[in-house]
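What follows is the residue order along each chain.
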Amino acid sequence: MKKDRIRDKKKWFENQFLMAFLRLMRLVPYELRNNLMGWLMRTILGKITGYRKRTKINLDLIYPNIADAVKQKISDNTLENAGRTFIENMYPAQFQAKTKNINLWGEGLDELEHAHASGRPIMFYSGHFGNHEAFRLALYRRGIKVGGLIRPMSNTYFDYHYQKTLLIEGKSGPVFEPGVQGTLGFYKALKKGATLVLLIDIAVQDGEYINFLGMPARTSLTAATFALKSDALFLPYFSMRNPDRNSFSVEIGKPIEHSDPLTMTRAASKTLEDRITADPGNWFWIHRRWKYQQKKSII
């Protein structure tokens, strides 16, 4: 009990510090604030949080033969994007006002709009690219509210503020937390015709081993399973940060045909691989994607 109280008090102080930092950063002009946070994560905070080390471990695992200078550049881009994404999403109203021209395009755009107009459920999937909120904002401007399943922050005090930002000032679709009730609510909303998202590039302990960038990675089949059960359009999106670092391009990929959850998830995973290969610095290498390993490779 004493340890729990100490841990709880530590989280309270951490939240107080973070909220004070965010109040201070609110006074900084928008672009300068984003530039500063990108630089801090690329330098000081990247080392303090361990993200710099984690990106190096992942890049060494997947790209053992490329030059260190190339891996360093990918790592820099990853950390800068992470810093910018965090600070952008803490001020959703400003992010919406400042993010004017999002380039929304892709093979699946027409099918998306047709499905939405007809009331068909839409099951989006993606990975951690650029800034996910640019995608939700772009679709809201087309009259489509996007919700999803989110993981709460480990700090329960800060999670209260984080959850409010996910609603993007009332422009979000329904948002659910992991667990039996959240998953059931997610599925019911999808069945009723909601447009929802699941990110499939996170390691899950009970997932299937699927090759990802040449290494077996535990991967959830939930997105494909829900798409099948609800007859939802199953399609990818990629919310990418442009080279100018402040604008975004959102691609709606070609829908994946319904078959079975494993086949569909393998196809979905391949689309993520292709996007990472084309623009590795836009993906979040800070995640423990290959957390659960096994000795043999997967076909």
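Reading guide: rules and limits
Residues numbered from 1 in each chain as written. Predicted model: local features only at pLDDT ≥ 70, side-chain atom pairs only at ≥ 80, totals over all residues. Heavy atoms only, no water. Helix = DSSP H or I, 4+ residues; strand = E, 2+ residues; numbered from the N terminus. Buried < 20%, exposed > 50% of the residue type's maximum accessible area, 1.4 Å probe, protein only. Core = buried A, V, L, I, M, F, W, Y, C linked by side-chain atoms within 4.5 Å. Contact = heavy atoms within 4.5 Å. Expected span 1.5 Å × (residues − 1). Salt bridge = Lys/Arg side-chain N within 4 Å of Asp/Glu carboxyl O. Pairing = 2+ DSSP bridges.

Enquirer: Sorry, what's going on with unusual backbone geometry here?
Expert: Note: most peptide bonds trans; most residues except glycine with negative phi. Non-glycine residue D231 carries a positive phi angle of around 55°. With respect to the helices, strands and loops of the structure, D231 is situated in the loop between α11 (222-230) and β8 (233-241). Here the phi dihedral of R245 falls at roughly 75°; this positive angle occurs in a residue that is not glycine. Position of R245 among the secondary structure elements: in the loop between β8 and β9 (248-252). Since its relative accessible area comes to 40%, R245 is described here as partly exposed.

Enquirer: Teacher, can you tell me more about the nonpolar core here?
Expert: Burial of nonpolar side chains together is a common tendency in soluble globular proteins. One finds M123, F212, F234, I276, W285 and W290 to be the most contacted residues of the largest nonpolar core, which totals 34 residues. For this core, the secondary structure elements donating two or more residues are α4 (51-62), β2 (122-126), α10 (180-191), β5 (195-199), α11, β8 and α12 (261-278). Sequence-distant contacts of M123, that is, excluding residues within four places in its chain, are made with F186, L190, L196, V197, L198, A223, F226, A227, A232, L233, F234 and L235. Residues F124, L139, L235 and F248 belong to the second largest nonpolar core, which totals 23 residues.

Enquirer: Is there a simple way to explain α12 in this structure?
Expert: Residues spaced three or four apart along an α-helix point in a common direction, a consequence of the helix completing one turn every 3.6 residues. For α12, with 18 residues, the first-to-last C-alpha span of 26 Å sits near the 26 Å given by 1.5 Å per residue. Considering only its buried residues, α12 is in contact with β2, β6 (208-212), β7 (215-219), α11, β8 and β9.

Enquirer: Looking at this structure, how should I read the environment of A268?
Expert: The residue A268 is located in helix α12 in this model. Once the C-alpha coordinates of A268 and I200 are considered, the two residues, 68 residues apart in sequence, prove to be 8.5 Å apart. In this view, A268 contacts Y125, I200, F234 and I256; residues no more than four positions away in its chain are not counted.

Enquirer: Would you mind going over the pattern of salt bridges with me for this structure?
Expert: A side chain with one charge may pair with a side chain of the opposite charge, provided their charged atoms come close. With the rule as written, the count across this model stands at 13 salt bridges. Between D60 and K71 there is a salt bridge, with its nearest N and O atoms 2.8 Å apart. Note that D60 is positioned in helix α4 and K71 in helix α5 (residues 68-89), a separation of eleven residues in sequence. The exposure class assigned to D60 is partly exposed, which follows from its relative accessible area of 28%. Notably, a salt bridge pairs R136 with E133, separated by 3.0 Å at the nearest N-O pair. Taken as a pair, R136 and E133 lie in helix α8 (residues 132-140) at a separation of three residues, close to a single helical turn.

Enquirer: What am I meant to see in the sheet that holds β5 here?
Expert: Within a sheet, neighbouring strands are paired by backbone hydrogen bonds and run either parallel or antiparallel to one another. A sheet is described by the order of its strands in space; here seven strands give the open sequence β1-β9-β8-β2-β5-β3-β4, paired in mixed fashion. Either end of the sheet is taken by a strand with one partner, and the two such strands are β1 (103-105) and β4 (175-176). Note: strand β3 (residues 146-149) against β4, two bridges, orientation parallel. Looking across to β4, one finds that G148 is bridged to V175.

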